[in-house]
Amino acid sequence: MFFRTWRHVFKLDPDRAIDDRTLERVCRSGTDAVLLGGSSGVTYGKTVELLTRVRRYEVPCALEVTDPSLAVPGFDGYFVPMVLNARHRDWWIGRHAEALRRFGRLVPWDITAGEAYIVLNGDSAVARVTDADTGLDADGVAAYCQLADRLWRVPVVYLEYSGVFGDMELVRRVRGMLKQARLFYGGGVRSPQQAREAARAAHTVVVGNAVYDDPDAALATVEAVKGAEPPV
Ligand code: 1GP
């Protein structure tokens, strides 16, 4: 699928302002893709606007469809997040089934992939919005990974620490378990050192907040990830 070779991804939030110069640096950085997504305040109009700006550059651009009303056409790929450790079924299958009932015939399935999220930072917006059970132990995380990878055969497992740098030992353990899914890691990557560590542990490293808080540091993560030994 379209994301199979991605090692480094910048995640941009259509609800956050980014100036033209920073966006240009992000898009020309050598990253494998720009992923648009956010936990709150994202609208169709804001998504179109940011896609249009990213399209000035050649970098592939994908969308995380967190609500069917945000399904803007014209992306290179679409991810549909399912938050496995959310307490309410709405966030694993409920909203998805409702959306497919209405729009299933319009989905470009050849460029659409499910993303099995396990949210591990209880203070993050995504944990609050989805009421995620973030107090899982390693075996609990491993169980969700098997569920996604083996039982449901979701092509992406996403360990989401959004805002804080995660437990790399756990990330490595999860990656070692996966049989078919690609492991995305996101959370608190703000330096080349962290980027390298995450790149050794996961298949794909996602950098979000740093783009807005410290663009120079964010840009330095690209080379660090690309130069790191990939996980087997
Ligand atoms: C957020 O996983 C991404 O969804 C990246 O996390 O914003 O902490 O870099 P950060």
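The paragraphs below set out a description of the structure included in this document. (Residues numbered from 1 in each chain as written. Predicted model: local features only at pLDDT ≥ 70, side-chain atom pairs only at ≥ 80, totals over all residues. Heavy atoms only, no water.)

Thoughts on the overall build of the protein
And step 1. In terms of helices and strands, the protein carries nine helices and eight strands.
And step 2. Computed over its C-alpha atoms, the radius of gyration of the protein comes to 16 Å, within 12% of the 17 Å expected for a compact globule of 232 residues.
And step 3. When the backbone C-alpha atoms are referred to their principal axes, the protein occupies close to 40 × 40 × 30 Å.
And step 4. For the protein, the residues scored as buried account for 51% of the 232 residues in total.
And step 5. Put simply, 71% of the contacts in the protein that link residues at least 6 apart link residues at least 24 apart.
And step 6. Accessible surface computed for the protein: about 10700 Å², of which carbon and sulfur atoms make up 49%. (Helix = DSSP H or I, 4+ residues; strand = E, 2+ residues; numbered from the N terminus. Rg over C-alpha atoms; globule rule 2.2 N^0.38 Å. Buried < 20%, exposed > 50% of the residue type's maximum accessible area, 1.4 Å probe, protein only. Contact = heavy atoms within 4.5 Å. Areas by Shrake-Rupley, 256 points an atom, 1.4 Å probe, with all protein chains shown as cover.)

Considering the packing of helix α5 (residues 138–151) against helix α6 (residues 168–177)
And step 1. Relative orientation of the contacting elements α5 and α6 amounts to 30°, with a least axis distance of 10 Å. As α5 packs across α6, the resulting crossing turns out to be right-handed. Residues A138, D139, V141, A142, C145, Q146 and D149 of α5 touch α6, and the partners they reach there are L170, R173, V174 and M177.
And step 2. Grouping the amino acids of the contact of α5 with α6 by side-chain chemistry returns seven nonpolar, one polar and three charged. (Axes fitted to C-alpha atoms, helices over the stretch in contact; angles between N-to-C directions. Left-handed = near helix turned anticlockwise from the far one by under 90°. Nonpolar A, V, L, I, M, F, W, Y, C, P; charged D, E, K, R; others polar.)

Description of the site of the ligand
And step 1. Close contacts around the ligand come from K11, Y158, E160, S162, G163, G186, G187, G188, V206, V207, G208 and N209, and that covers them all.
And step 2. Taking K11, its side chain carries an N or O atom lying 2.8 Å from an oxygen atom of the ligand.
And step 3. For the ligand, whose accessible area on its own is 300 Å², the fraction buried by protein is 93%.
And step 4. Of all elements in the fold, only β6 (156–160) and β8 (204–207) reach the threshold of two or more residues within the shell around the ligand.
And step 5. Broken down by class, the residue content of the shell around the ligand amounts to three nonpolar, seven polar and two charged. (Near = heavy atom within 4 Å. Polar contact = N/O pair within 3.5 Å; in protein donor to acceptor, adjacent residues only side chain to side chain.)

Examining the pairing of strand β2 (residues 33–36)
In regular strands, side chains alternate between the two faces of the sheet.
And step 1. Alternating positions in β2 separate into two faces, A33 and L35 on one and V34 and L36 on the other, with burial throughout.
And step 2. Alignment of strand β1 (residues 8–12) against β2, held across four bridges, turns out to be parallel. By the bridge assignment, V9 is partnered in β2 with A33.
And step 3. Where the polypeptide runs from β1 across helix α1 (residues 20–27) and back to β2, its parallel neighbour, the crossover connection is right-handed. (Pairing = 2+ DSSP bridges. Right-handed = clockwise from strand over helix to strand, strands pointing away.)

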